[in-house]
Amino acid sequence: MDKIKVGVSACLLGQNVRYDGGHKHAQWMTDAFSEWFDFQPICPEVEVGLGVPREPINLVQVENKIRVRAVNNPNLDHTHKLHLLADQYIPELETFCGYIFMQKSPSCGLHKVKVFCEDGENQIGVAGGAFSTQVIKNHPSLPVEEASCLADSEVRAHFLTRVFAHSDWQKNVLISPSVKSLKDFHRRYWLLFKAHSEPLLHQLDQLLADANNSNNSHLLNSYEAIYRDCLAARPQRNNHVAVMCHVLNELEPLLQAQQVLNLEAMINQYQNQLFNKSKVIEALLECIKVSTKESLLEQKYFEPYPSKLL
Ligand code: SF4
């Protein structure tokens with residue numbers, strides 16, 4: 001199996017690229033993901049020539065703008081170089097299916113990197129790092145996450161769902177684009193899209209309903225932008241309930257009355273937060289397997305990524 005290209009802050013892989021010559025190896029991450037991911041390590045601070053070891057840097061606010069400066073020498077401003085590096089990576093990052101960043105770093109952090117006032121004395125807020133922020137600006141639909149956030153099973157599930165879907169898109173649609181490959185993809189992801197965003201699923205349905213049989217790059221680009229936005233939306237409990245009810249409706253003619261009642265009860269309990277989602281899905285999946293209903297068996301909703309990754 002071809003591994004999936006995923007960008008990663010190099011220090012997370014154990015490379016000694018930090019300002020103090022050390023690393024921040026996320027052993028659990030390499031253990032869990034290396035079988036599937038072809039990690040592409042990038043250390044922006046090394047790549048812009050800051051060297052190892054190097055002066056530590058900070059985010060500082062200067063006239064409403066966030067700058068990256070050396071802690072002990074405010075005349076050393078690295079902001080432009082880090083933005084430029086992210087721009088130089090644009091073609092390569094188009095081939096990535098995701099990116100895992102190191103948290104808290106003024107270059108790589110995504111969410112809550114400390115921002116100091118201009119003299120560097122006091123913290124006045126938080127922001128994203130200079131390189132990661134520019135990466136997101138250049139690739140707004142790239143699945144990105146901080147390594148520490150992936151410890152949360154819901155965050156990890158959402159990230160993996162998006163990464164594996166994009167890999168599927170690259171391998172099965174982009175490689176030989178056609179209306180047929182697009183429709184096949186849409187069919188397999190239909191329930192998953194429904195779970196993430198019903199309005200965006202509706203837009204995708206509409207796009208395909210209007211598609212003719214020619215190879216249409218505009219159609220492909222529009223579809224990709226919408227499907228990636230769709231999966232970027234966090235699935236809510238009510239969306240899952242709608243998917244479960246849809247599946248049950250499809251299965252109903254093939255089930256015994258008692259089985260239907262049992263499944264309905266499970267879905268109700270899940271809706272009322274009294275039952276685990278994976279248990280309902282397991283029960284539905286068992287019935288689908290017995291029914292051998294192809295249109296449901298092929299749905300990515302039931303296993304959007306290898307289950308042992310969670
Ligand atoms: S956080 Fe980013 S810039 Fe800092 S050492 Fe790691 S890869 Fe390099």
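Novice: Before we move on, can you summarise the layout of surface pockets with the specific residues and values?
Specialist: In this structure, the largest pocket spans a volume of roughly 1100 Å³. Only helix H6 (153-174), helix H7 (179-196), helix H10 (237-251) and helix H12 (277-291) provide two or more residues apiece to the lining of the largest pocket. By residue class, the composition of the lining of the largest pocket is 14 nonpolar, 10 polar and 9 charged. Empty space within the second largest pocket amounts to approximately 540 Å³. Lining the second largest pocket we find 25 residues, and of these Arg18, Tyr19, Lys104, Ser105 and Pro106 sit closest to its centre. At the level of elements, helix H2 (44-47), strand S3 (57-62) and strand S7 (113-116) are the ones that each hand at least two residues to the lining of the second largest pocket. Along the lines of polarity and charge, the residues of the lining of the second largest pocket split into 15 nonpolar, 4 polar and 6 charged.

Novice: Give a description of the packing of H10 against H12 that names residues and reports values.
Specialist: Contact pair H10 / H12: the axes reach a minimum separation of 11 Å and the direction vectors enclose 20°. Of the possible angle classes, the one that applies to H10 and H12 is roughly parallel. The way H10 lies across H12 gives a crossing that is left-handed. Across from His240, Met244, Val247 and Leu251 in H10, the residues of H12 making contact are Lys277, Val280, Ile281, Leu284, Cys287, Ile288 and Ser291. Class assignment of the residues belonging to the contact of H10 with H12 gives a composition of 8 nonpolar, 2 polar and 1 charged.

Novice: Give me the lowdown on the sheet that holds S7, citing residues and values where you can.
Specialist: Ordered in space as S5-S4-S3-S7-S8, the 5 strands form an open sheet in which the pairing is mixed. Each having just a single partner strand, strand S5 (73-77) and strand S8 (123-127) make up the two edges of the open sheet. The sheet shows a mean angle of 50° between the axes of neighbouring strands, direction not considered. The pairing of S3 with S7 spans 2 bridges and is classified as parallel. Looking at the pairing, Val60 lines up with Phe116 of S7. The strands that helix H3 (residues 79-88) touches are strand S4 (65-70) and S5; relative to S4, the one it contacts most, it runs at about 105°.

Novice: Residues and numbers for empty space enclosed by the protein, please.
Specialist: Think of a ball as big as a water molecule: rolled over the atoms, this probe shows where empty space is left. Applying the stated criterion across every chain, the model contains 2 cavities of 30 Å³ or more. By volume, the largest cavity is sized at about 50 Å³. Around the largest cavity, the lining residues are Ser141, Pro143, Arg162, Ala165, His166, Tyr227, Arg228 and Leu231. Going through the elements one at a time, H6 and helix H9 (217-232) are the ones with two or more residues in the lining of the largest cavity.

Novice: Outline the domain arrangement of the chain, listing residues and values.
Specialist: Split by domain assignment, the chain resolves into domain 1 (4-151) and domain 2 (153-310). Relative to domain 2, the C-alpha centre of domain 1 lies at a distance of 33 Å. Taken together, the 23 residues of domain 1 in the interface contact 16 residues of domain 2. Between domain 1 and domain 2 lies a buried interface of about 1600 Å² when both sides are counted; carbon and sulfur atoms form 67% of it. The interface formed by domain 1 and domain 2 includes 1 salt bridge. Among the salt bridges present, the one from Lys308 reaches Glu35, with a minimum N-O distance of 3.7 Å. The tally of links from domain 1 across to domain 2 stands at 4 residue pairs in polar contact (both at pLDDT 80 or more). Taken together, the residues of the side of domain 1 that touches domain 2 break down into 17 nonpolar, 3 polar and 3 charged.

Novice: I'd love a proper account of the pattern of salt bridges, names of residues and values included.
Specialist: Taken as a whole and assessed by the stated rule, the structure comprises 12 salt bridges. Ionic pairing is found between Arg69 and Asp77, a salt bridge with its closest N-O pair at 3.5 Å. Through salt bridges with shared partners, a single network forms among Arg67, Arg69, Asp77 and Glu118.

Novice: Describe the sheet that holds strand S6 (residues 98-101), listing the residues and the values that go with them.
Specialist: The strand order across the open sheet formed by 4 strands is S2-S1-S6-S9, and the pairing between neighbours is parallel. At either margin of the open sheet sits one strand with a lone partner, and together these are strand S2 (37-42) and strand S9 (144-146). When strand polarity is set aside, the average angle formed by the axes of neighbouring strands in this sheet is 25°. Here strand S1 (residues 4-9) pairs with S2 via 6 bridges, running parallel. By the bridge assignment for S2, Gly7 is matched with Gln40. Of the strands in this sheet, S2, S6 and S9 are in contact with helix H5 (residues 130-138), which crosses S6 at around 160°. On top of the sheet, H6 reaches S1, S2, S6 and S9; it is set at about 135° to S1, its chief contact.

Basis of the calculations
- Residues numbered from 1 in each chain as written.
- Predicted model: local features only at pLDDT ≥ 70, side-chain atom pairs only at ≥ 80, totals over all residues.
- Heavy atoms only, no water.
- 1 Å grid on protein atoms, 1.4 Å probe; cavity = no way out; pocket = protein on both sides within 12 Å on 5 of 7 lines; lining within 4 Å.
- Points joined across faces, edges and corners; volume = space filled by probe spheres on them.
- Helix = DSSP H or I, 4+ residues; strand = E, 2+ residues; numbered from the N terminus.
- Nonpolar A, V, L, I, M, F, W, Y, C, P; charged D, E, K, R; others polar.
- Axes fitted to C-alpha atoms, helices over the stretch in contact; angles between N-to-C directions.
- Parallel < 35°, antiparallel > 145°, perpendicular 65-115°, else oblique.
- Left-handed = near helix turned anticlockwise from the far one by under 90°.
- Contact = heavy atoms within 4.5 Å.
- Pairing = 2+ DSSP bridges.
- Domains from an automatic or database assignment.
- Buried area = accessible area lost by both parts, 1.4 Å probe.
- Salt bridge = Lys/Arg side-chain N within 4 Å of Asp/Glu carboxyl O.
- Polar contact = N/O pair within 3.5 Å; in protein donor to acceptor, adjacent residues only side chain to side chain.

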